[in-house]
Amino acid sequence: MRTAFSISTGLLSRMKRSVATFGREEDGATMTALLLIWMILLIPAMGYAIEVTRAEHLRTRVQGTLDRAVLAAADIDQTLPPRDVVLDYFQKAGLGQFISAEQITVTPDDPDSLRTGRTVSAWTRAYFESNLTTFGGDLVQWGAPAASGAEEAKSDIEVVMVLDVSGSMGSNNKLSNLKVAAREFVDTVLQSETAEGSVSIAIVPYNGQVNARRLLPYYTVTGDHTYGSCINFQPSQFQETALPPTTSVLPRANVFDPWYSSRNITLAYCPLHAFQELMPSTNNATRLKNHISGFQAEGNTSLDIGMRWGALLVDPSFRPVNVQLVAAGEVPPEFAILPFDYGARSTAKYIILMSDGQNTDEYVINDPYRSGLSPIYKNSSGALSIYHAERSGSSKYYRLNSDNSGTWTTSPWSGSTQLKWPDVWANHPINFIAKELYSDAWGWSGSQRNAFIASVRGATAPSVKDLRTSQICTATKQKNVTVFTIGFEAPAAGLSALRDCATSPGHFFDVNGVEISEAFQVIARRISELRLTQ
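The structure contained in this document is the topic of the report that follows. (Residues numbered from 1 in each chain as written. Predicted model: local features only at pLDDT ≥ 70, side-chain atom pairs only at ≥ 80, totals over all residues. Heavy atoms only, no water.)

## Details of the overall build of the protein
- Helix and strand counts for the protein come out as 13 helices and 19 strands.
- Looking at the protein as a whole, 49% of its 534 residues are labelled buried.
- Once local pairs closer than 6 in sequence are excluded, the contacts in the protein between residues at least 24 apart make up 73%.
- Roughly 23900 Å² of accessible area belongs to the protein as shown, and the carbon and sulfur atoms make up 53% of that amount. (Helix = DSSP H or I, 4+ residues; strand = E, 2+ residues; numbered from the N terminus. Buried < 20%, exposed > 50% of the residue type's maximum accessible area, 1.4 Å probe, protein only. Contact = heavy atoms within 4.5 Å. Areas by Shrake-Rupley, 256 points an atom, 1.4 Å probe, with all protein chains shown as cover.)

Structure follows, in structure tokens:
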């Protein structure tokens, strides 16, 4: 039997001579002979085309069967021997004669060694004998090779949920829908895991800032106050994922109210509530879901800051902090080895960045109002006064009365203590101080008061924050961290930033209403999906 189609040398020579004399011979016998020769050639060519189609059909059938077979065999949850699964698929497809157990590789082959997953690969070469023959009379045999592999990884999975809890989430039932979706996600991801300690989930709630109270004790944090647990990251810190605790200097953000004019602080730009705190890695579903249930909506939106903290929680530089968190009882003991090194075998890292908005102005307290003594005094009953050295005469203290009227005197209220600037902003809104202790004391115009407020409160523009978001997302993706993003009834600018941040267009979701639950469920399934490897 031959496996190649051939034409005899003598026939080729006769064909060449016939073609060469075609122009000189015009009699009917010559034309008839040529036609017969071409028909002899055409019939095998047509047969060849038919057999090519048959071979491709067989190859497609075999490849499809092989793909399905190795996927089923690699499934850790199935209890049959993987080789038997592949062989059974071929038998039921009527292709059993084309594969044997020796053509199937299973790793690991020990059913008790599935901690990190299972890989199944196989190859085959199906064939059929053609109706064509060579001129020597042997049958032609056509082959249809196929190879495939599948892996279900029982990976050590690190997941960080970076979730928007800004003020706009309080409208249109968005926060309620997020809570349902996020809790379902936690259940799906954790319940699909059978190996203890192999899936961890951390949560980063964010608005204009992130409350990182649990983490800051292990870093060098600058600032002469301890009111808040937020960080004003430096621009360069958005260009990399690492923040080594031994070398990173983190400027503590002031606690202040940039919006309201009441006497006491109403809404802090750096969130102070427990429900806004970053939650380090855990596999305790109840604890995770309770934290999600406590979310409340308030404040601005900082995609860049939320993502900056999310990137840190999967970066190996965070491991020494995680060890300390284990010792403090904040993280389960089995997670002391987290985060794993990038690219470590049988590990996977995921970040889910969700927002209903876009980057807004990020407010900060400017120098020299960030630290040091202020000219403002306060006594035990809360009475305020301020020293204005530039006022002529001896009455340089402006005392604020209970009705917010003021009186110039030679001393502050009895028993007063001079406040540091961080103490002022942590208790009284900027607008209140600007109006009651400066503008009313001096009789300023509205423009003068606004100029003073601008000298106290600076802002990072949304365009700058969009750039920082892109930088930290790019740095994260370059480390092979998979980034899913969800735009939840978000405006165009927010959708653009989220789309750019995602690992691929297929990792970005644009959803409305209860569709957010569907998005989270799709992500949950994809995190543990079974995948072809060849």
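## Thoughts on the pairing of strand 12 (residues 384-387)
- Where strand 11 (residues 373-378) meets strand 12, three bridges bridge the pair, whose relative direction is antiparallel. The partner of Ile 376 across the bridge, within strand 12, is Ile 386.
- The antiparallel hairpin formed by strand 11 and strand 12 contains five residues in its connecting segment, where Gly 382 sits at a positive phi of about 90°.
- Strand direction decides the pairing type here: strand 12 and strand 13 (residues 397-400), joined by three bridges, are antiparallel. When the sheet's bridge partners are listed, Ile 386 is paired in strand 13 with Tyr 398. (Pairing = 2+ DSSP bridges.)

## Looking at the packing of helix 4 (residues 174-191) against helix 5 (residues 285-293)
- Axis separation between helix 4 and helix 5 bottoms out at 9 Å; the angle between their running directions is 170°. Comparing the axis directions of helix 4 and helix 5 gives the class roughly antiparallel. The segment helix 4 lies against helix 5, with Lys 179, Ala 182, Arg 183, Val 186, Asp 187 and Leu 190 engaging Ala 285, Leu 288, Lys 289, Ile 292 and Ser 293.
- Taken together, the residues that form the contact of helix 4 with helix 5 break down as six nonpolar, one polar and four charged. (Axes fitted to C-alpha atoms, helices over the stretch in contact; angles between N-to-C directions. Parallel < 35°, antiparallel > 145°, perpendicular 65-115°, else oblique. Nonpolar A, V, L, I, M, F, W, Y, C, P; charged D, E, K, R; others polar.)

## Considerations on the pattern of salt bridges
- In the structure shown here, the tally under the stated rule is 14 salt bridges.
- Across the pair Glu 436 and Lys 435 runs a salt bridge whose closest N-O atoms are separated by 3.4 Å.
- With a relative accessible area of 35%, Lys 435 lands in the partly exposed category.
- It is possible to trace a salt-bridge network through shared partners that takes in Arg 213, Arg 214, Glu 277, Arg 287 and Glu 330. (Salt bridge = Lys/Arg side-chain N within 4 Å of Asp/Glu carboxyl O.)

## Topic: the state of the cysteines
- Per the stated rule, a full pass over the model turns up two disulfides.
- The side chain of Cys 230 participates in a disulfide bridge whose partner is Cys 270; the two sulfur atoms lie 2.0 Å from each other. Residues Cys 230 and Cys 270 share a disulfide whose torsion about the S-S bond is about 90°; that sign makes it right-handed. Of this pair, Cys 230 sits in the loop between strand 6 (220-222) and strand 7 (249-251) while Cys 270 sits in the loop between strand 7 and strand 8 (279-282), and the two are 40 residues apart along the sequence.
- Cys 230 sits in the buried class, given a relative accessible area of 0%.
- Across a sulfur-sulfur distance of 2.0 Å, Cys 473 and Cys 501 are joined as a disulfide pair. Between Cys 473 and Cys 501 the sulfur-sulfur dihedral comes to about -85°; the bridge is accordingly left-handed. With Cys 473 in helix 11 (residues 462-477) and Cys 501 in helix 12 (residues 492-501), the pair connects residues that are 28 residues apart, well separated along the chain. Take Cys 473 and Cys 501: they sit in the same class, and that class is buried.
- If the cysteines joined by disulfides in the protein are listed in sequence order, their pairing comes out as 1-2, 3-4. (Disulfide = S-S within 2.5 Å.)

## Some remarks on the packing of helix 6 (residues 303-313) against helix 11
- Axis separation between helix 6 and helix 11 bottoms out at 8 Å; the angle between their running directions is 20°. In terms of axis orientation, helix 6 runs roughly parallel to helix 11. In terms of crossing hand, the pair formed by helix 6 and helix 11 is left-handed. Residues Leu 303, Asp 304, Ile 305, Met 307, Arg 308 and Ala 311 of helix 6 touch helix 11, and the partners they reach there are Lys 465, Arg 468, Thr 469, Ile 472, Cys 473 and Thr 476.
- Split by residue class, the contact of helix 6 with helix 11 holds six nonpolar, two polar and four charged. (Left-handed = near helix turned anticlockwise from the far one by under 90°.)

## Brief notes about the layout of surface pockets
- Of the voids in this model, the second largest pocket is the one considered here, and its volume is about 180 Å³.
- Surrounding the second largest pocket, Asn 232, Phe 233, Gln 234, Pro 235, Pro 251, Glu 362, Val 364, Ile 365, Asn 366, Arg 370, Thr 460 and Arg 468 form its lining.
- The leading source of residues in the lining of the second largest pocket is strand 10 (residues 362-365), at three residues.
- Looking at the lining of the second largest pocket residue by residue, the class counts come to five nonpolar, four polar and three charged. (1 Å grid on protein atoms, 1.4 Å probe; cavity = no way out; pocket = protein on both sides within 12 Å on 5 of 7 lines; lining within 4 Å. Points joined across faces, edges and corners; volume = space filled by probe spheres on them.)

## Considerations on the pairing of strand 17 (residues 482-488)
- Most of strand 17 sits inside the fold, with six of its seven residues counted as buried.
- For strand 9 (residues 347-355) and strand 17, the ladder comprises six bridges, and the chain directions are parallel. Across the sheet, Ile 352 pairs through a bridge with Phe 484, a residue of strand 17.
- Note: strand 17 against strand 18 (residues 508-511), four bridges, orientation parallel. Residue pairing for strand 18: Ile 486 is matched across the bridge by Phe 509.
- Regarding the hand of the β-α-β motif, the stretch spanning strand 17, helix 12 and strand 18 is right-handed. (Right-handed = clockwise from strand over helix to strand, strands pointing away.)

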